[in-house]
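Observations on the model geometry
Listed below, chain by chain, are the residues.
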Amino acid sequence: MTHIKILGTGCSNCAKTADLIRKVAAELGVEPVIEKETDLAKIMAYGALSTPGVVIDEKLVHAGGVPAAKEIREWLTQQ
């Protein structure tokens, strides 16, 4: 099962990112475990210098801004 973490302090872009990942996952029939990580020290430990960040199975795949749906599809189909 794919495990996804949304890195950020709870800004609107973090919420948009989580919602978009849920939407794309549903379209693909994928049921990832999605959680939010708001602890700044843990966010920095992943190497995310800007938020929102996206970590899939403990690997940072995105940092800064809301990712495009196309990009999310690529992440979820490569798992």
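Parameters at a glance
- Residues numbered from 1 in each chain as written.
- Predicted model: local features only at pLDDT ≥ 70, side-chain atom pairs only at ≥ 80, totals over all residues.
- Heavy atoms only, no water.
- Salt bridge = Lys/Arg side-chain N within 4 Å of Asp/Glu carboxyl O.
- Helix = DSSP H or I, 4+ residues; strand = E, 2+ residues; numbered from the N terminus.
- Buried < 20%, exposed > 50% of the residue type's maximum accessible area, 1.4 Å probe, protein only.
- Pairing = 2+ DSSP bridges.
- Axes fitted to C-alpha atoms, helices over the stretch in contact; angles between N-to-C directions.
- Contact = heavy atoms within 4.5 Å.

Some details on the pattern of salt bridges
Enumeration according to the criterion identifies three salt bridges in this entry. The residue Asp19 makes a salt bridge to Arg22 at a minimum N-O spacing of 3.6 Å. Separated by three residues within a single helix, Asp19 and Arg22 lie in helix H1 (residues 12–28), roughly one turn from each other. Overall, Arg22 belongs to the partly exposed group, its relative accessible area being 41%.

Considering the sheet that holds strand S3 (residues 53–56)
Across the sheet, which stays open at both edges, the four strands sit in the order S2-S1-S3-S4 with mixed pairing between neighbours. Of all strands in the sheet, those with a lone pairing partner are strand S2 (33–37) and strand S4 (59–63), marking the two edges. Strand-to-strand twist of the sheet, defined as the mean angle between neighbouring strand axes without regard to direction, takes the value 25 degrees. As paired elements, strand S1 (residues 3–7) and S3 share four bridges and run antiparallel to each other. Note that in S3 the partner of Leu7 across the bridge is Gly53. Relative to the sheet, H1 contacts S1, S2 and S3, its axis offset from that of S1 by approximately 160 degrees. Contacting S1, S3 and S4, helix H3 (residues 69–77) runs over the sheet at an angle of about 175 degrees to S4.

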